[in-house]
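Chain residues, written in single-letter form:
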Amino acid sequence: MEDISKTMQEMMSKRHLNRNYRQLMDQAFADLEVTAFIQANQADLAEDVLARSASKIYEFVTERDKVRQGGQTFATGYEPRLIVANHLLDVAYVPTAATMEKQAQQQLQRRVRAIAMPKDIRNAELDNFDNDNDRMEALMAATEFIDNYENSPHHRHQALYLSGSFGVGKTYLLAAVANQLAADGFSSTLVHFPSFAVEMKNAIAKNGVGDKLDAIKKAPILMIDDIGADAMSAWVRDDVLGVILEYRMQEELPTFFSSNFSMAQLENEHLRISTRGDDEPLKAQRLMQRIRFLAREIVMVGVNRRPQ
Ligand code: ADP
Ligand code: MG
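Note that the structure is predicted; figures quoted are calculated from it, not measured. (Residues numbered from 1 in each chain as written. Chains lettered and ligands numbered in written order. Predicted model: local features only at pLDDT ≥ 70, side-chain atom pairs only at ≥ 80, totals over all residues. Heavy atoms only, no water.)

Draft legend 1. The side chain of His270, seen in detail. Inspection of the secondary structure assignment puts His270 in helix H12 (residues 263-271). Within the local environment of His270, its side chain forms a polar contact with the backbone oxygen of Asp230, the two atoms lying 3.3 Å apart. (Helix = DSSP H or I, 4+ residues; strand = E, 2+ residues; numbered from the N terminus. Polar contact = N/O pair within 3.5 Å; in protein donor to acceptor, adjacent residues only side chain to side chain.)

Pasting the structure below:
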């Protein structure tokens, strides 16, 4: 802003530019937007406003025209507005419509915290979820959850455990729910569980387990994606997953799951057998009790939608 005013002053001080200057200013003073603004605010403006605000008027007109022509202004994404300050004209810079749209979009994305999730989950939308008969139940349950949660976010709401084979759209549906909640002002955290487990193991050496675990544990809405996809060590099962689920059950925090396993399979084929090969049915049972408290199982069937 200052630069342009300075340029104006320099121009004015150089006598040989006087004629150019006058031409430029005649155009600026005659600008319809400028005259309308001065007219509308006459009561607040000093009598000699034109002379004293000349550089601001010039700045407004040139910067506005740059924006109109799609050029870069000195503040990208902002456009000039005339305002009244101390009975003179001044130029304020406000975000353009496109900038506001982008900011709103970023705000939305901040409400969806994704840990080791594919990037394309950003584009998942409930409206684009194919509601063929196979998946109708899952879609209905998802929208019902959103309605209930948004009506009373501080009460307990049972979330969903989406089970079904690879590629039926479990992750897509979780992401679409998270995006819808974000659009309505609610934050959620999606975590690809097998990657998170690896991250946690690496965090042991750096003493970072507590913080990482806390962030997940306390997320207002948590979506645990792909549970059961990788073998789980007893430590991950009991000290990571177990701790997260215990806390969320106590605090009644909504927790979704997706898995290639049904609940029964997860219990009997996955959680029961530790990576050391021990059979631990009681531990598996306790974990499953927590999962069942937090979520109800919905079986998704259908074709594999992954690009082959
Ligand atoms: P899953 O988690 O069940 O293995 P995904 O959710 O990853 O399956 O879906 C597999 C692929 O199909 C992804 O690329 C996803 O974006 C796409 N997809 C899934 N469901 C839909 C849908 N209803 N509309 C459009 N694309 C979808
Ligand atoms: Mg998936």
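Draft legend 2. The arrangement of the domain arrangement of the chain in detail. Each assigned domain of the chain is listed here: domain 1 (4-95) and domain 2 (103-300). On a C-alpha basis, the centres of domain 1 and domain 2 stand 56 Å from each other. (Domains from an automatic or database assignment.)

Draft legend 3. Quick look at the site of ligand 1. In the vicinity of ligand 1 lie 13 residues, with Gly167, Lys170, Thr171, Tyr172 and Arg306 positioned nearest. Gly167 places a main-chain nitrogen or oxygen 2.7 Å from an oxygen atom of ligand 1. In the complex, the protein chains occlude 81% of the 550 Å² of accessible area that ligand 1 would expose alone. By residue class, the composition of the shell around ligand 1 is four nonpolar, five polar and four charged. (Near = heavy atom within 4 Å. Areas by Shrake-Rupley, 256 points an atom, 1.4 Å probe, with all protein chains shown as cover. Nonpolar A, V, L, I, M, F, W, Y, C, P; charged D, E, K, R; others polar.)

Draft legend 4. Representation of the pairing of strand S7 (residues 255-259). In terms of burial, S7 is largely enclosed, as five of its five residues are buried. Bridging between strand S4 (residues 159-163) and S7 involves three bridges; their strand directions are parallel. Considered in S7, the bridge of Ser163 is made with Ser259. Both strand S6 (residues 222-225) and S7 contribute to a ladder of three bridges, which runs parallel. Paired with Met223 across the two strands is Phe256, which belongs to S7. Handedness of the crossover joining S6 and S7 through helix H11 (residues 234-251): right-handed. (Buried < 20%, exposed > 50% of the residue type's maximum accessible area, 1.4 Å probe, protein only. Pairing = 2+ DSSP bridges. Right-handed = clockwise from strand over helix to strand, strands pointing away.)

Draft legend 5. Spatial organisation of the packing of aromatic side chains. A full pass over the atoms with the stated rule returns six aromatic pairs. Taking 6.1 Å as the distance between ring centres and 25° as the angle between the ring planes, the aromatic pair formed by Phe129 and Tyr172 counts as stacked. Of this pair, Phe129 sits in the loop between strand S3 (112-115) and helix H7 (133-151) while Tyr172 sits in helix H8 (residues 170-183), and the two are 43 residues apart along the sequence. Residue class for Tyr172 comes out partly exposed when judged on its relative accessible area of 32%. In this structure an aromatic cluster arises from ring pairing among Phe145, Tyr149, Phe186 and Phe256. (Phe/Tyr/Trp six-rings, centres within 6.5 Å; stacked < 30°, edge-to-face > 60°.)

Draft legend 6. Local environment of the sheet that holds S4. Strands sit in the order S3-S5-S6-S7-S4-S8 across an open sheet of six strands; the sheet is parallel. Both outer strands of the open sheet, S3 and strand S8 (295-299), are each paired with one neighbouring strand and no more. Adjacent strand axes in the sheet meet at a mean angle of 15° when their direction is disregarded. Pairing between S4 and S8: five bridges, direction parallel. Counterpart to Ser163 in the pairing with S8 is Val299. (Axes fitted to C-alpha atoms, helices over the stretch in contact; angles between N-to-C directions.)

Draft legend 7. Molecular detail of the packing of helix H9 (residues 193-205) against helix H10 (residues 209-217). One way to put it is that H9 packs onto H10 with a least axis distance of 8 Å and a crossing angle of 150°. One element, H9, and the other, H10, form an angle in the roughly antiparallel class. In this structure, H9 uses Phe196, Glu199, Met200, Ala203 and Ile204 to contact H10, whose residues at the interface are Val209, Lys212, Leu213 and Ile216. Across the contact of H9 with H10, the residue classes break down as seven nonpolar, no polar and two charged. (Parallel < 35°, antiparallel > 145°, perpendicular 65-115°, else oblique. Contact = heavy atoms within 4.5 Å.)

Draft legend 8. Molecular detail of empty space enclosed by the protein. This model, assessed by the stated rule, comprises one cavity of 30 Å³ or more. Around the largest cavity, the lining residues are Arg156, His157, Gln158, Arg248, Glu252, Leu253, Pro254, Thr255, Phe293 and Leu294. Looking at the lining of the largest cavity residue by residue, the classes come out as four nonpolar, three polar and three charged. (1 Å grid on protein atoms, 1.4 Å probe; cavity = no way out; pocket = protein on both sides within 12 Å on 5 of 7 lines; lining within 4 Å. Points joined across faces, edges and corners; volume = space filled by probe spheres on them.)

Draft legend 9. How the structure looks around the pattern of salt bridges. Per the counting criterion, the structure on display carries 18 salt bridges. Ionic pairing is found between Arg272 and Asp279, a salt bridge with its closest N-O pair at 2.8 Å. The class of Asp279 is partly exposed, set by a relative accessible area of 44%. Within this structure, Asp31, Glu33, Arg64, Asp65 and Arg68 form a network of salt bridges that share partners. (Salt bridge = Lys/Arg side-chain N within 4 Å of Asp/Glu carboxyl O.)

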